[in-house]
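What the coordinates show
Okay, here's what each chain looks like letter by letter:
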Amino acid sequence: MELFKDIMRLVRWGNLLFLGALVWVMEKWVAVPILNAAAYGEQMPWYILLLLEIAVILIAAGGYVINDYFDVKIDRINRPDAVIVTRTISKPAAMRLSICLSAAGAACGILEAILLRSMTIGILFVIVPGLLWFYSSSYKRLFMIGNLTIALLAAVTPMLVAITNVAILQLRFETILPYISLPHDLYAWLGGFALFAFLLTWIREIIKDMQDQMGDRELECHSMPVVWGDLWTKVFVTALIILTLAIIGHIWYHLLPFPIGWTSLSTRYIALGIVVPLLSAIWLLWSAKIPSDYKSCQQVIKFAMLIGMLYGYVIMRLYV
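I will try to describe carefully the structure that is included in this document. Within each chain, residues carry numbers counting from 1 in the order of the written sequence. For this predicted model, a pLDDT threshold of at least 70 governs which residues receive local features, and a threshold of 80 or more governs which side-chain atom pairs are given and counted, while totals over whole chains, interfaces and linings are taken from all residues. Calculation of side-chain values draws on the structure's entire complement of heavy atoms; hydrogens and water are dropped beforehand.

**Examining empty space enclosed by the protein**
In the cavity and pocket records, a cavity denotes points on a 1 Å grid over the protein atoms alone where a 1.4 Å probe fits but cannot get out, a pocket denotes an open set with protein on both sides within 12 Å along at least 5 of 7 lines, and lining residues are residues with an atom within 4 Å of a point. Grid points are joined across faces, edges and corners, and a volume is the space filled by probe spheres set on the points. Under the definition given, this model contains 1 cavity of 30 Å³ or more. Reported here for the largest cavity is a volume of approximately 40 Å³. Lining the largest cavity are D68, V72, D75, A82, V83, I84 and V85. Each residue receives one of three labels: charged for Asp, Glu, Lys and Arg, nonpolar for Ala, Val, Leu, Ile, Met, Phe, Trp, Tyr, Cys and Pro, and polar for the others, Gly being one of them. A class-by-class count of the residues in the lining of the largest cavity yields 5 nonpolar, no polar and 2 charged.

Right, here's the structure in full:
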């Protein structure tokens, strides 16, 4: 039982649940309302959605395991009580577990690609496990590259839902697809969520580096706080949060097909659920002095990300 608990902690079961829920939300609360509004109805069969869910979850789980495999020395400094690899699970066992999870996830993704005749989906499910491997083994120790890699991978999940739906439409409505705006609408909406995931993940990864910089300095990792120092890293993160708020404001005012008054569900949701937490994160960031302070800031960013992804519920309620 103890081993099972450690494996669940190793694969970050809470994060995996979030990823599974994210795929479901993007499909049921974002893609389906858009398809319904265009009078096409839900297109994705249940088994395709299931393959997509399993592929995303297994590849992410494999990525978490290989990350801990390569981070044993750093974790012994930053969070010694949380080390699992080498304590209850050997490094060879962790490597085998990571390979099995990643291979099984890639196989599910490739099967989905074959069923939908989509080379794009197949290529993505080959590239993503490789990127997770290289991130853990080397990219994360390089200046900014590791942060950007994880941010890009976070953006892939919403886009996979769009790509899958468009691939299905391509199979079923190939002759009329060039003459309708439906693929553009799917890519636009889900691309907006992907951009949001990219920016907030990038912000969170940099804050995480600030929290973990003691171990990073010890092992000569070139994270942003190690290279630039706390002050300029905080300036950069603040600028990213302000950029995120500016993009949200632009989309809210100019692009959303919903009312923009304060009585609007969309406006109140964005203001209270996303804008206020992000402004709070700026305050927490600048007042942070010890690792636990940065962890609190991270939690606020994660909350804003969760609320932002659940904006799909607003779309389901309002999109016509």
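**Focus: helix α8 (residues 182-211)**
In an α-helix, one turn spans 3.6 residues, which is why side chains three or four residues apart end up on the same side. For α8, with 30 residues, the first-to-last C-alpha span of 43 Å sits near the 44 Å given by 1.5 Å per residue. Among the 30 residues in α8, 22 count as buried, and that is most of the element. For the purposes of this entry, the term helix denotes a DSSP run of H or I that reaches at least four residues, the term strand denotes a run of E that reaches at least two, and both are numbered from the N terminus. Every helix has an expected span of 1.5 Å times one less than the residues it contains. Only protein chains enter the accessibility calculation, which uses a 1.4 Å probe; a residue whose area is less than 20% of its type maximum is buried, one above 50% is exposed, and one in between is partly exposed.

**As for unusual backbone geometry**
Here the phi dihedral of R12 falls at roughly 55°; this positive angle occurs in a residue that is not glycine. Relative to the helices and strands, R12 is located in the loop between α1 (2-10) and α2 (13-37).

**Describing the nonpolar core**
As used in this record, nonpolar core signifies buried Ala, Val, Leu, Ile, Met, Phe, Trp, Tyr and Cys residues forming a set joined through side-chain atoms within 4.5 Å. M26, V30, L186, I207, I241, L278 and Y311 are the most contacted members of the largest nonpolar core, which totals 99 residues. Ranked by residue count, the leading element in this core is α8, at 16 residues. By definition in these notes, contact holds between two residues if any of their heavy atoms fall within 4.5 Å. Setting aside residues no more than four positions away along its own chain, Y311 makes contact with F193, L256, F258, S266, Y269 and I270.

**Observations regarding the layout of surface pockets**
Quantified by volume, the second largest pocket comes out at close to 470 Å³. The set of elements that each furnish at least two residues to the lining of the second largest pocket consists of α8, α11 (230-255) and α12 (265-287). When residues in the lining of the second largest pocket are grouped by element, the largest group, 9 residues, is from α8. Residues belonging to the lining of the second largest pocket are distributed by class as follows: 17 nonpolar, 4 polar and 1 charged.

**Points about the state of the cysteines**
Count a disulfide wherever a pair of cysteine sulfur atoms falls within 2.5 Å. Per the counting criterion, the structure on display carries 0 disulfides. Counting only cysteine sulfurs, C108 is the nearest neighbor of C100, a cysteine outside any disulfide, at a range of 13 Å.

**Points about α11**
Relative to the 38 Å expected for 26 residues at 1.5 Å per residue, α11 spans 36 Å between its end C-alpha atoms, a close match to the ideal helical length. If you check which residues of α11 are buried, you get T233, K234, V237, T238, L240, I241, T244, L245 and I248. Contacts from the buried residues of α11 go to α8, α10 (224-228), α12 and α13 (291-309).

**Here's the deal with a nonpolar patch on the surface**
A patch consists of residues exposed above 30% relative accessible area that lack any salt bridge, with like charges linked at up to 9 Å and nonpolar side chains (Val, Leu, Ile, Met, Phe, Trp, Tyr) linked at up to 5 Å. The method behind every accessible area is Shrake-Rupley, applied with a 1.4 Å probe, and residues are considered shielded solely by the protein chains displayed. Think of a salt bridge as a Lys or Arg side-chain nitrogen and an Asp or Glu carboxyl oxygen that are within 4 Å of each other. Together, F143, V227, W228, L231, W232, V235 and W286 give the surface a local cluster of nonpolar side chains, amounting to about 680 Å² of exposed area. Of all the secondary structure elements, the ones that give two or more residues to the nonpolar patch are α10 and α11. If you tally residues by element for the nonpolar patch, the top one is α11, at 3 residues. Topologically, F143 is positioned in the loop between α6 (119-137) and α7 (145-172).

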